[in-house]
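Observations on the three-dimensional arrangement
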Amino acid sequence: MRPFSFLTRLLRFVSGRASLLGVAGLLLAAFALAAPGNGSLWRLVSPLRAAPPHASETPSDLERFSQALTRAQPVVDEPATRWAVAMFAEVLRRTLADYVRPLDSRTLVDQALDGLHKEAERNLDRTPRSLLEAALDAMLLSLDPYSAYLDPKDYRDMETQIRGQFGGLGVEVSQDKDSGFIKVVSPIDDTPAARAGLSSGDLITHLDGQSVHGMNLTDAVSRMRGQAGTQIRLTVQRNPDKNRFDVTLTRAIIRIQAVRWRTEGDAGYIRLTTFNNKQTVTELTNAVTALRREKGSRLTGLILDLRNNPGGLLDQAVAVSDLFLERGLIVSIRGRKSGEAQDYLANSGDIARGLPMVVLINNGSASASEIVAAALQDYQRATIFGTRSFGKGLVQTISPLTDDGALRLTTARYYRPSQKSVDCLGVVPNLQVRPATASQNAEAGDEDERQKSAYCEDIAPPPPPSRILKLEETCPASISLLFPPEDKTRNKDAKDRDAKDRDARTPPRPLPPPAPGSGKENDALVACAVEALKENLRVRF
């Protein structure tokens, strides 16, 4: 494989104090450290780039903000007010100049003033900085679930994420614009959140009894962080029944192992948990080499498990796709300006040497995971098993600001080789597994709601693959693992008690997540993939 010449260009990051080449995902809270929805796809720009003036920004808009900021203070702090107005102007200019679609300055300022007024109403100790941050949070959240202001502390926390271990819960989250709550994008394997059974699509409504409604993502994430060994109580709402239940998690040091592998019969199983690790490609290559060495000519194929992988760095998604493709377009990145479009192409060389592949995805597979799954699907290099992916087809750029914070702004969309977007709609598997548990039913319902939301309403759904496989037909030996026969030994009294519990709408307990090595969904889907590879399954579109 040839080195990627665009990596340096893409990830060059100059700081006044240090160079953060390869910022590992830059998830403002990945792993609760909790992150932008979704999985996330990131690019960095130099802090030396000045924010240009913008034609649609008018002095009256900034004057409106300045006047509102002054009126909202119990005692006016003039130096702090001037600083806050200058910071707001910097963020406003960058947003108007760089956001993925054209924006109206007046509308943005209206959103900012709404956030400022709400902060003034609820915070008696408000300061120019707290009012500014509330205004920026409201303004950027009105654009999409992923754009945000990072204060200096949050920006510094990214250095901890780069080191690959940190204190937290092990869950990536976003802010749900419709409900105002915190939404689980994906739990991370072998973390407190995963062991507690948190699932993609769950809404966190309270932290230690305090409602998060109206709380910005940064504050919610800060509350979820803490010293390893301390506990936090989360109140979770699992759609669609709206029931809530409490779960207590013990914070831990989160260590992320990007690649794990094992043999499953004569197939090779590789679990890829994140695209934030700069060693992902090396570890993945080593895993394939080890599997070929162990199984030799008996190796029937590879299973690449991307379930609950929330995404990460663009260059890693491209490089992982390139490992299994001989040629062709991997992904197109299109910004607002026509000259900003960029295509990423595969280099010759398939490390699997043409072995059949199955890729596993679910609603927690987002962003970089979707780039890989879509590229391998479009070139018929792999068959996709599972449930529809999260649907995040946007790229964020991190721009350092003069206050030592940063602006995370959606600046581009990405498109799969077929030139379709996955945004909101995700990647549709070739073999779709129907929901088998309450949490999976909730997940499916949440996908439908996301598809109907205002954010997604202008995106036309792509046509599904021409051939959708059925699990019962494709893997008859595995079907009983996912859909066990009804237990006919249960007596009538037990069934009556179940019906009474349902009538009382008893809050459900957290359900086991589909993590590798546990859970009926995992066992059935992996077993089905092994069975399919044994039969040398190839999907023809």
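In what follows, the accompanying structure is described. This is a predicted model, so every value here is computed, not measured.

1. Quick notes on the sheet that holds strand β21 (residues 431-432)
The strands that make up a sheet are held in pairs by hydrogen bonds between backbone atoms, and each pair lies either parallel or antiparallel. Reading across from one edge, β11-β12-β13-β17-β18-β21 is the order of the six strands in this open sheet, with mixed pairing throughout. A single partner strand is all that each edge strand has here, and the edge strands are β11 (259-264) and β21. Across six bridges, β11 lies against strand β12 (residues 267-272) in antiparallel orientation. By the bridge assignment for β12, arginine 262 is matched with tyrosine 269. Most of the contacts of helix α11 (residues 368-378) go to strand β17 (residues 357-361), to which it runs at about 145°, and overall it touches β13 (301-305), β17 and β18 (383-386).

2. Concerning the packing of aromatic side chains
For the coordinates displayed, the defined rule picks out one aromatic pair. With 3.9 Å between their ring centres and 5° between their planes, phenylalanine 65 and phenylalanine 88 make a pair best called stacked. Within this pair, whereas phenylalanine 65 is found in helix α2 (residues 59-72), its partner phenylalanine 88 is found in helix α3 (residues 78-98), the two being separated by 23 residues in sequence. Here the basic side chain of arginine 262 rests over the ring of tyrosine 269, its NZ or CZ set 4.0 Å away from the ring centre. Here the guanidinium or amino end of arginine 334 rests over the ring plane of tyrosine 415, the centre of that ring lying 4.2 Å away.

3. Quick notes on the packing of α3 against helix α4 (residues 105-122)
With their axes 11 Å apart at the nearest point, α3 and α4 run at an angle of 135° to one another. Here α4 runs oblique to α3, going by the angle between their axes. Seen along the crossing, α3 lies across α4 with a hand that is right-handed. Each of Phe88, Leu92, Thr95 and Leu96 in α3 lies in contact with α4, whose residues at this interface are Ser105, Leu108, Val109 and Ala112. Here the residues of the contact of α3 with α4 sort into six nonpolar, two polar and no charged.

4. Digging into the pattern of salt bridges
If you walk through the whole model with that rule in mind, you get 18 salt bridges. With a closest N to O distance of 3.6 Å, aspartate 154 and arginine 225 form a salt bridge. Taken together, the residues span a long stretch of sequence, with aspartate 154 in helix α6 (residues 152-162) and arginine 225 in the loop between α8 (217-224) and β8 (231-237) at a distance of 71 residues. You'll find aspartate 154 and arginine 225 in the same group, each marked buried. Salt bridges here are not isolated pairs; linked through shared partners, they connect Asp61, Arg64 and Asp110.

5. Description of unusual backbone geometry
Phi at aspartate 208 takes a positive value of approximately 50°, unusual for a residue other than glycine. Mapped onto the fold, aspartate 208 is located in the loop between β6 (203-207) and β7 (210-211). Taking relative accessible area as the criterion, aspartate 208 reaches 48% and is therefore assigned partly exposed. A positive phi angle, near 55°, is found at serine 367, a position not held by glycine.

6. Let's talk about the side chain of threonine 410
Positionally, threonine 410 belongs in strand β20 (residues 406-415). A polar side-chain atom of threonine 410 sits 2.9 Å from a polar atom in the side chain of aspartate 144. At 2.7 Å, the side chain of threonine 410 forms a polar contact with the side chain of glutamine 396. Aside from chain neighbours lying at most four places away, what touches threonine 410 is Asp98, Tyr99, Val100, Asp144, Tyr146, Ser147, Leu394, Val395 and Gln396.

7. Thoughts on α4
Taking 1.5 Å per residue as the helical rise, α4 with its 18 residues ought to reach 26 Å, and the 26 Å between its terminal C-alpha atoms agrees with that figure. Taken together, the buried positions of α4 are Ser105, Leu108, Val109, Ala112, Leu113, Gly115, Leu116, Glu119 and Ala120. Taken down its axis, α4 places every buried residue within 165° of arc, on the same side. Seen from the open side of α4, the exposed residues pointing more than 90 degrees away from its buried face are Glu121 and Arg122. Where α4 begins, one side-chain oxygen reaches toward the backbone nitrogen of arginine 106, 3.3 Å away; that side chain belongs to aspartate 104.

8. What about the nonpolar core?
If you look at soluble globular proteins, the nonpolar side chains tend to sit buried side by side. With 47 residues, the main nonpolar core has Leu304, Phe324, Val331 and Val359 as its most contacted residues. Residue contacts for valine 359: discarding those within four places in its chain leaves Leu304, Leu306, Ala373, Leu376, Ala382, Thr383, Ile384 and Phe385. Membership of the second largest hydrophobic core comes to 33 residues, among which are Leu69, Leu108, Leu113 and Leu140.

Quick notes on the rules
Residues numbered from 1 in each chain as written. Predicted model: local features only at pLDDT ≥ 70, side-chain atom pairs only at ≥ 80, totals over all residues. Heavy atoms only, no water. Pairing = 2+ DSSP bridges. Helix = DSSP H or I, 4+ residues; strand = E, 2+ residues; numbered from the N terminus. Contact = heavy atoms within 4.5 Å. Axes fitted to C-alpha atoms, helices over the stretch in contact; angles between N-to-C directions. Phe/Tyr/Trp six-rings, centres within 6.5 Å; stacked < 30°, edge-to-face > 60°. Lys NZ or Arg CZ within 6 Å of the ring centre and 35° of its normal. Parallel < 35°, antiparallel > 145°, perpendicular 65-115°, else oblique. Left-handed = near helix turned anticlockwise from the far one by under 90°. Nonpolar A, V, L, I, M, F, W, Y, C, P; charged D, E, K, R; others polar. Salt bridge = Lys/Arg side-chain N within 4 Å of Asp/Glu carboxyl O. Buried < 20%, exposed > 50% of the residue type's maximum accessible area, 1.4 Å probe, protein only. Polar contact = N/O pair within 3.5 Å; in protein donor to acceptor, adjacent residues only side chain to side chain. Expected span 1.5 Å × (residues − 1). Arc of directions from axis to C-beta. Core = buried A, V, L, I, M, F, W, Y, C linked by side-chain atoms within 4.5 Å.

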